[in-house]
Amino acid sequence: MIQITQKLSLQPIKDVDSIGLYNLMNIIYPKAYSHFWKDNGRWYVDKQYSKENIEKELLEEKSDYYFVVFNNERIGNFRVLWNYNLLGLENKKSVKLHRIYLHSKSHGNGIGKTLVTWLENLAYQKGYELIWLDAMDEQPQAYQFYCKLGYQYFSHEFLNFDLLYDKVRKISQLYKELKKKDI
């Protein structure tokens, strides 16, 4: 367990946690993204949070996968990919914030900002120069959240999932250079 604040911690996800993670994401993901999908996001949750995919992701080197725990309750997940370069900025030692999903009941407590700041500090201490992530353009509150934290647009792509509505396929890569004055 990594204690971030008195009320907030990160609990490493293990193989035995796959059902618990799947069940949690069945609550969290549809509330935020069901309107993106022709099947309300069922395919995405079933694919990304299947036991097989979780086991595969847990075996990936240079990655960390956590439950977000707030007031002793699991309220989300947080995944980091270390040494994962952003195409076009390969000259920078980079880390990717791969996933951060938080239950809507926890919104407004500064949890997202605290976690992102914690990761930026840790990455800087480990000698990383850049942190980046993907943000769905059709989720403006998330996109704006990262911009307020100093992230900038770098590039975008269009997701090619059959069940995803065409108007929401654009996903942007945002990045932030890690400098001592920012941390």
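Note: the structure precedes this text.
The structure contained in this document is the topic of the report that follows. (Residues numbered from 1 in each chain as written. Predicted model: local features only at pLDDT ≥ 70, side-chain atom pairs only at ≥ 80, totals over all residues. Heavy atoms only, no water.)

**A closer look at the layout of surface pockets**
- Taken as a whole, the largest pocket holds about 1300 Å³ of empty space.
- Every residue lining the largest pocket is counted, 49 residues in all, and those nearest its centre are Y33, I100, Y101, D134 and Y146.
- Ranked by residues supplied to the lining of the largest pocket, first place goes to strand 5 (residues 94-102) with seven residues. (1 Å grid on protein atoms, 1.4 Å probe; cavity = no way out; pocket = protein on both sides within 12 Å on 5 of 7 lines; lining within 4 Å. Points joined across faces, edges and corners; volume = space filled by probe spheres on them. Helix = DSSP H or I, 4+ residues; strand = E, 2+ residues; numbered from the N terminus.)

**Here we look at the packing of aromatic side chains**
- Under the definition given, this model contains 15 aromatic pairs.
- The interplanar angle of 25 degrees and the centroid separation of 6.0 Å between the aromatic rings of Y84 and W132 together place this pair among those described as stacked. Taken together, the residues Y84 in the loop between strand 4 (73-82) and strand 5 and W132 in strand 6 (residues 130-136) connect sequence positions 48 residues apart.
- Residue Y84 is classed as partly exposed on the basis of its relative accessible area, which comes to 39%.
- On the numbers, 5.0 Å between centres and 75 degrees between planes, the contact of F145 with Y146 is edge-to-face.
- Exposure remark for F145: the relative accessible area of 27% places this residue in the partly exposed category.
- The class of Y146 is buried, set by a relative accessible area of 8%.
- Linked through ring pairs, Y29, Y33, F36, W37, W43, Y44, Y101 and F161 together constitute an aromatic cluster. (Phe/Tyr/Trp six-rings, centres within 6.5 Å; stacked < 30°, edge-to-face > 60°. Buried < 20%, exposed > 50% of the residue type's maximum accessible area, 1.4 Å probe, protein only.)

**A word on the sheet that holds strand 1 (residues 2-3)**
- Pairing is mixed in the open sheet, where eight strands are placed in the order 1-2-3-4-5-6-8-7. Single-partner strands in this sheet number two, and they are strand 1 and strand 7 (152-158).
- Direction of pairing for strand 5 relative to strand 6: parallel, over a ladder of four bridges. The residue bridging V95 from the neighbouring strand is I131, located in strand 6. (Pairing = 2+ DSSP bridges.)

**A few points about the pairing of strand 6**
- Taken across its seven residues, strand 6 has six buried, putting it largely inside the fold.
- Crossover connection from strand 5 via helix 4 (residues 111-125) to parallel strand 6: handedness right-handed. (Right-handed = clockwise from strand over helix to strand, strands pointing away.)

**A word on the pattern of salt bridges**
- All chains considered together, the criterion is met by 12 salt bridges.
- The network of salt bridges with common partners includes E57, E60, R79 and R99. (Salt bridge = Lys/Arg side-chain N within 4 Å of Asp/Glu carboxyl O.)

**Thoughts on the environment of L86**
- In this structure, L86 sits in the loop between strand 4 and strand 5.
- Considering only alpha carbons, one finds L86 and W132, 46 residues apart in sequence, at a separation of 7.2 Å.
- In contact with L86, not counting residues within four places along its chain, are S94, W132, F154, Q173 and Y175. (Contact = heavy atoms within 4.5 Å.)

**Points about helix 4**
- Spanning 15 residues, helix 4 covers 21 Å between terminal C-alpha atoms, matching the ideal 21 Å at 1.5 Å per step.
- Residues of helix 4 that are buried: I111, G112, L115, V116, W118, L119, E120 and A123.
- Backbone geometry just downstream of helix 4 places G127 in the positive-phi region, at approximately 90 degrees. (Expected span 1.5 Å × (residues − 1).)

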